[in-house]
Amino acid sequence: MNFKDQWRFVRSNMKRSKSRIFMTVLATAMGVTFLIVLASVGFGLHSTLIADILQDRSVTQMQISGIENDDGYAPITDEEIAELEKIDGMNAVTRQQRLRQTPRFSIDDYNGSTETVVTHFPSELKAGMELAEGDLPEKSYEVVVGPHFIENIFPKDLPADAEIYDKEGMLNEDYKYDESLVGKEIEMVVEQNVDNEIKEHTITLTITGIVEPPAKNWLQDQQVYISEEVLADVEAFTETSRGAVISEDQPTSGEEVEGYDNVYGYADSLEEIQAIMDDLTEKDYMVYSAASELESLNSVFTIAKAGLIFIGTIAILIASIGIFNTMTMAVTERSSDIGIMKAIGAHPKKIKQIFLLESSYIGLLGAVIGTVVAFVISILLNIGLPRIIESAFGQELPEGFQFSSIPPSLILISVVICLIVTIISGLKPAKRATEIDVLKAMRREM
Amino acid sequence: MIEAKDINHTFLLGKKQNETALQVLTNISFSVAKGDILAITGKSGSGKSALLNIIAGFMKPTSGSVWVKEKNVTNFSEGEFADFRLDNIGFIFQNFQLIPSMTAYENIELPLVLKGLPEKERKERTEQTLEKVGLSNYHQHYPSELSGGQQQRVSIARTLVIEPPIILADEPTGSLDSETEQEVLDLITGLNKDLGITFLMITHDEEVARIASKKIHIHDGEIVKEEVSA
Ligand SMILES: Nc1ncnc2c1ncn2[C@@H]1O[C@H](COP(=O)(O)OP(=O)(O)OP(=O)(O)O)[C@@H](O)[C@H]1O
Ligand SMILES: [Mg+2]
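- Chain B is annotated in an unreviewed UniProt entry as Acetoin utilization transport system ATP-binding protein of Gracilibacillus orientalis.
- You can read under Sequence similarities (unreviewed entry) in the UniProt record for chain B the words "Belongs to the ABC transporter superfamily."

- As named in an unreviewed UniProt entry, chain A is Acetoin utilization transport system permease protein, taken from Gracilibacillus orientalis.
- In its Sequence similarities (unreviewed entry) section, the UniProt entry covering chain A states "Belongs to the ABC-4 integral membrane protein family."
- The UniProt entry for chain A carries this comment under Subcellular location (unreviewed entry): "Cell membrane".

1. Digging into the overall build of chain B
Point 1. Assigned secondary structure in chain B consists of seven helices and ten strands.
Point 2. Relative to its length of 230 residues, chain B is compact, with a C-alpha radius of gyration of 18 Å against a globular reference of 17 Å.
Point 3. For chain B, the C-alpha atoms occupy an extent of roughly 50 × 40 × 35 Å along the three principal directions.
Point 4. A total of 230 residues make up chain B; the buried ones form 53% of that total.
Point 5. Within chain B, contacts between residues at least 6 apart in sequence are counted, and of these 68% link residues at least 24 apart.
Point 6. Of the roughly 10400 Å² that chain B leaves accessible, carbon and sulfur atoms contribute 47%.

2. A short note on the packing of aromatic side chains
Point 1. Using the criterion set out here, one finds nine aromatic pairs over all chains in the structure.
Point 2. Judged by centre distance (5.0 Å) and plane angle (85°), the rings of Tyr110(A) and Tyr177(A) are edge-to-face. Of the two residues, Tyr110(A) is situated in strand 5 (residues 110–113) and Tyr177(A) in the loop between strand 9 (154–155) and strand 10 (185–194); the sequence distance between them amounts to 67 residues. The same class applies to Tyr110(A) and to Tyr177(A), which are both buried.
Point 3. Note on Phe121(A) and Tyr225(A): the rings are 6.2 Å apart at their centroids and 55° apart in plane angle, and the pair reads as tilted. With Phe121(A) in helix 4 (residues 121–127) and Tyr225(A) in strand 12 (residues 224–226), this residue pair connects regions lying 104 residues apart in the sequence. Per residue, the accessibility class of Phe121(A) equals that of Tyr225(A), and both read buried.
Point 4. Among the aromatic residues, ring-to-ring pairing joins Phe58(B), Phe91(B) and Phe93(B) into one connected group.

3. Side note on the UniProt feature "transmembrane region" (unreviewed entry) in chain A
Residue and element names in this part refer to chain A.
Point 1. UniProt's feature table lists "transmembrane region" (unreviewed entry) at residues 21–45, 306–324, 361–385 and 405–427, given in the numbering used throughout.
Point 2. Overall, residues 21–45 shows 100% helix and 0% strand. The separation of its end C-alpha atoms is 36 Å.
Point 3. Taken end to end, residues 306–324 is 100% helix and 0% strand, and its first and last C-alpha atoms sit 26 Å apart.

4. Notes on the sheet that holds strand 5 (residues 71–72) of chain B
Residue and element names in this part refer to chain B.
Point 1. The sheet built from four strands is open, its strands ordered 2-1-4-5 with antiparallel pairing. Two strands in the sheet have a free side with no partner beyond their single neighbour: strand 2 (20–32) and strand 5.
Point 2. Where strand 1 (residues 2–13) and strand 2 come together, nine bridges link them in antiparallel fashion. Across the sheet, the residue bridging to Leu12 is Ala21, located in strand 2.
Point 3. Its contacts with the sheet put helix 1 (residues 48–56) on strand 1, strand 2 and strand 4 (63–68), and the angle it makes with strand 2 is roughly 65°.

5. Points about helix 6 (residues 178–195) of chain B
All names here are of chain B.
Point 1. Taking 1.5 Å per residue as the helical rise, helix 6 with its 18 residues ought to reach 26 Å, and the 25 Å between its terminal C-alpha atoms agrees with that figure.
Point 2. All of the buried residues along helix 6 are Thr180, Glu181, Val184, Leu185, Leu187, Ile188, Leu191 and Asn192. On an axial view of helix 6, the arc spanned by its buried residues comes to 155°, and they lie on one face. Set apart from the buried face of helix 6 by more than 90 degrees, the exposed residues are Ser178, Glu179, Lys193 and Asp194.
Point 3. Gly196 sits one or two positions beyond helix 6 and adopts a positive phi of about 70°.

6. Concerning the sheet that holds strand 3 (residues 37–42) of chain B
All names here are of chain B.
Point 1. One open sheet accounts for six strands, arranged 6-7-8-3-9-10; its pairing is mixed. In the strand order of this sheet, the two ends are held by strand 6 (89–93) and strand 10 (222–228), each with one partner. Between one strand axis and the next, the sheet turns through 15° on average, direction left out of account.
Point 2. Pairing geometry for strand 3 and strand 9 (residues 214–219), over five bridges, is parallel. Paired with Leu38 across the strands is Lys214, a residue of strand 9.
Point 3. Sheet strands in contact with helix 1 are strand 3, strand 6, strand 7 (166–170), strand 8 (198–202) and strand 9, and its direction is about 150° off that of strand 7.
Point 4. Against the sheet, helix 2 (residues 78–88) makes contact with strand 6 and strand 7, and its axis sits at roughly 85° relative to strand 6, the strand it touches most.

7. With respect to the interface of chain A and chain B
Point 1. Each partner contributes residues to the interface: chain A has 23 residues there, and chain B has 29 residues.
Point 2. Across the pair Glu119(B) and Lys4(A) runs a salt bridge whose closest N-O atoms are separated by 2.5 Å.
Point 3. Between the two partners, chain A and chain B, sit seven residue pairs in polar contact (both at pLDDT 80 or more).
Point 4. Counting only elements with at least two residues in the side of chain A that touches chain B, the list comes to helix 1 (3–16), helix 8 (335–344), helix 9 (348–393) and helix 11 (438–445) of chain A.
Point 5. Looking at the side of chain A that touches chain B, the element that brings in the most residues is helix 8 of chain A, giving six residues.
Point 6. Class assignment of the residues belonging to the side of chain A that touches chain B gives a composition of twelve nonpolar, three polar and eight charged.

Conventions we followed
- Residues numbered from 1 in each chain as written.
- Chains lettered and ligands numbered in written order.
- Predicted model: local features only at pLDDT ≥ 70, side-chain atom pairs only at ≥ 80, totals over all residues.
- Heavy atoms only, no water.
- UniProt positions renumbered as here; feature names shortened; annotations may be inferred.
- Helix = DSSP H or I, 4+ residues; strand = E, 2+ residues; numbered from the N terminus.
- Rg over C-alpha atoms; globule rule 2.2 N^0.38 Å.
- Buried < 20%, exposed > 50% of the residue type's maximum accessible area, 1.4 Å probe, protein only.
- Contact = heavy atoms within 4.5 Å.
- Areas by Shrake-Rupley, 256 points an atom, 1.4 Å probe, with all protein chains shown as cover.
- Phe/Tyr/Trp six-rings, centres within 6.5 Å; stacked < 30°, edge-to-face > 60°.
- Pairing = 2+ DSSP bridges.
- Axes fitted to C-alpha atoms, helices over the stretch in contact; angles between N-to-C directions.
- Expected span 1.5 Å × (residues − 1).
- Arc of directions from axis to C-beta.
- Salt bridge = Lys/Arg side-chain N within 4 Å of Asp/Glu carboxyl O.
- Polar contact = N/O pair within 3.5 Å; in protein donor to acceptor, adjacent residues only side chain to side chain.
- Nonpolar A, V, L, I, M, F, W, Y, C, P; charged D, E, K, R; others polar.

Structure below.
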């Protein structure tokens, strides 16, 4: 007896008790929907939190903020950078020195002030920095600028009441510098307080390239990336470390600083993060990685998800009582048919297969319908819930907030659980079908 | 073809099946040669059906053995017996035992479906058999839409469709009037002559037993008379 014929039997059997089968499928589907929607909240919140923690950082990134020593902590210097770069699994170590004042930059008739850093381009490139336009600087007085630098310079003769930004916070096109920055000469004006008098110093630079915007579109990068030589030039003028401005209320601002400001390590892969982190902590580095924070978050959520799936499974177990009932009734109703088939020569195994096929089919139908409904409910939840929360509590949820998410793994888990449960609940009735006594079954018919 | 050796059967009656023992068959031994029609006669309650059910494998004898086609089938498992029946033994029941939810055509096709034959061959053989029993126009009729004689012919057709070497029949004409009874008996003798099918048939009717080549008379579970007709 081939599968097609068994299938035919199942179909005609099911047709005979349509409403009963429908109710059973419905109960199973409801169980599956409940399981998926319940667990999807765990999955949704988890991915929202992960996205929140990672922000724009790459998962392989580690922030190295210093090294612990006897008098507290010391910044990272070239010596440590060399050590860090040698660590197994470390892909790149980026480091920046931040200028301790915000210079004014002017280009043609435009000007604006912005942060300025010295960075080590080879390691930045290794860590994934890309240029949107132009090339890296080759000479000392060449610079690259961040992608949002252009939005931070305005016409010099801007009227006081000019509306620089439109309603959406975008720079008004009329005031925007509308030529390519690459190849342009730019003047950097730094200042210093000498005997209560502000002195200015102008350095002429050439822009050779523009950095690729960060993946998260709300992150701004308007920095100017200068070379060590330009920094030396600034320091020579200000006579302070990193060009700090001396003022009366901050007399210590001129103190010597050493080391790098922003040091980030990048692991080759996520798997290596933990080993590197352990190694660095042992060497007294002060490190932070979103990935290792994610680890504890992940384990908490794994437990939570397992718990939700377990609770959801109970719904399917309840539905399985329905399947058990339906199948038991089906076997009882058809016992004389089964007896006749056995008398003619139907192997008990075939009879069992037919009934198992029927209960699996009910389970599969329930799983498919349940999954589809769960998707719909999940979408509605994600659309509706933030609105309800906003109107009820007046609180706006962060952008990209996902309340419910159904990854393929959840569907797989749910369908497998549903099929296992339905097959198990169909086993007993199917076995009963094989045990039907031919003589008793045929006698009943008389 | 069929051999019963020293069959005894006892039913255990009552709760927990240990109250009383009822001996329904005692030392039954007989044999049926290929191409024979054996009629088992006897009063109601003499144990005829019990004997047939043991030979068919629907129940196990308390002692003794059954041999079919030189094979000891006594200790076959249910599955083994099912497969064996599917290939070798056909049945004609007093009350037809058709599946009510299937049409005449589907009932007849059922053994072929169980055998897993390809659809084309099934169709051919089912239609041929329907014709053989004179029911070509009743493909789509459900058992409830057929007369008793027609139902019995469907039942016989279902047996014939696999061309079994042996057919067991328990009161095949028991629920038919004398005219239809004659039709069915003619069909049986025809099959016996044309296809050489061996029959083992139960009846309490001497008229019916007359078509047999060999007769066994049972009384209170024992063979009291055995005769071979000329
Ligand atoms: N399942 C059973 N359990 C207990 N006793 C049974 C069972 N089946 C049959 N009997 C008994 O066995 C005896 C023989 O029954 P059997 O059905 O073989 O008679 P029979 O000769 O076929 O009668 P009939 O001509 O009326 O069909 C009877 O006394 C009956 O009560
Ligand atoms: Mg009987």
